[in-house]
Amino acid sequence: GPFFGADPILEAHRSRRKRFPERDPQVCFAFVSCGRLPLLQLTSRALISHMETAEPTVRYELAWVDQGSGTADARQLADDIPMEHVLHWKLNYGLTYGLNTLLFALCRRSRYVATMEEDWLWMEAKMGVPAVRMAMDVLAADSGA
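These notes cover the structure that comes with them. (Residues numbered from 1 in each chain as written. Predicted model: local features only at pLDDT ≥ 70, side-chain atom pairs only at ≥ 80, totals over all residues. Heavy atoms only, no water.)

## A word on the pattern of salt bridges
Now for step 1: Considering all chains together, one arrives at 9 salt bridges under this definition.
Now for step 2: Here arginine 36 and glutamate 118 are joined by a salt bridge, their closest N and O atoms 3.4 Å apart. With arginine 36 in the loop between β1 (27-33) and α2 (37-54) and glutamate 118 in the loop between β4 (112-116) and α5 (131-143), this pair connects stretches of sequence that are 82 residues apart.
Now for step 3: Since its relative accessible area comes to 6%, glutamate 118 is described here as buried.
Now for step 4: Between arginine 45 and aspartate 80 there is a salt bridge, and its shortest N-O distance comes to 2.6 Å. Of the two residues, arginine 45 sits in helix α2 while aspartate 80 sits in helix α3 (residues 71-80), which places them 35 residues apart along the sequence. (Salt bridge = Lys/Arg side-chain N within 4 Å of Asp/Glu carboxyl O. Helix = DSSP H or I, 4+ residues; strand = E, 2+ residues; numbered from the N terminus. Buried < 20%, exposed > 50% of the residue type's maximum accessible area, 1.4 Å probe, protein only.)

## Comments concerning the sheet that holds strand β3 (residues 85-89)
Now for step 1: Spatial strand order, β3-β2-β1-β4: 4 strands in an open sheet with parallel pairing. Because the sheet does not close on itself, it has two edges, and the strands there are β3 and β4. Between one strand and the next, the sheet's axes are offset by a mean angle of 15°, whatever the strand orientation.
Now for step 2: Sheet topology note: the β1/β4 ladder contains 5 bridges and is parallel. Residue pairing for β4: phenylalanine 29 is matched across the bridge by alanine 114. (Pairing = 2+ DSSP bridges. Axes fitted to C-alpha atoms, helices over the stretch in contact; angles between N-to-C directions.)

## Brief notes about the packing of aromatic side chains
Now for step 1: Enumeration over the complete set of coordinates arrives at 4 aromatic pairs.
Now for step 2: Ring centres 5.7 Å apart and planes at 55° place the aromatic pair tyrosine 93 and tyrosine 97 in the tilted group.
Now for step 3: Of the residues examined, tyrosine 97 reaches a relative accessible area of 48% and is grouped as partly exposed.
Now for step 4: Three or more aromatic residues link up through ring pairs in this structure, and these residues are Trp89, Tyr93 and Tyr97. (Phe/Tyr/Trp six-rings, centres within 6.5 Å; stacked < 30°, edge-to-face > 60°.)

## What to know about the nonpolar core
Now for step 1: Core analysis: the largest hydrophobic core is formed by 22 residues, its most contacted members being Val27, Phe29, Phe31, Leu62 and Trp64.
Now for step 2: Sorting the residues of this core by element identifies β1, α2, β2 (60-67), α3, β4 and α5 as the ones contributing at least two each.
Now for step 3: In terms of residues, this core owes the most to one element, α2, which gives 5 residues.
Now for step 4: In this structure, Cys28, Val32, Val65 and Leu106 belong to the second largest nonpolar core, which totals 9 residues. (Core = buried A, V, L, I, M, F, W, Y, C linked by side-chain atoms within 4.5 Å.)

Here it is in structure tokens:
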């Protein structure tokens, strides 16, 4: 239907990410989780902070498959973190099924996919290192692209 006014959640997300939603991503950061939502929130925020400050030229998207974390808490997290793709499952179908969904459905537009854990944080001393760009350059050189 017609768009009447600004979406407050979308506007909040755009204040955290310069390009959201990303229309032409180079890399997809893919999360599978079951519970541990506070850790996922911290990791997602740290990742966004790193990408926006240390690697602003890398076009990225975030995707998350939630496996039975609880509807209210998981939806609150999805409202809080600017992610292009969020899939909430009522049950835990296992890591392999979650990863396959991320790789072959949610992250299919990106050339590269980085599978993430909900408890990974950048070390403060490494926040300025463009590790994602460096990894993309190595992979591109290795493939001859």
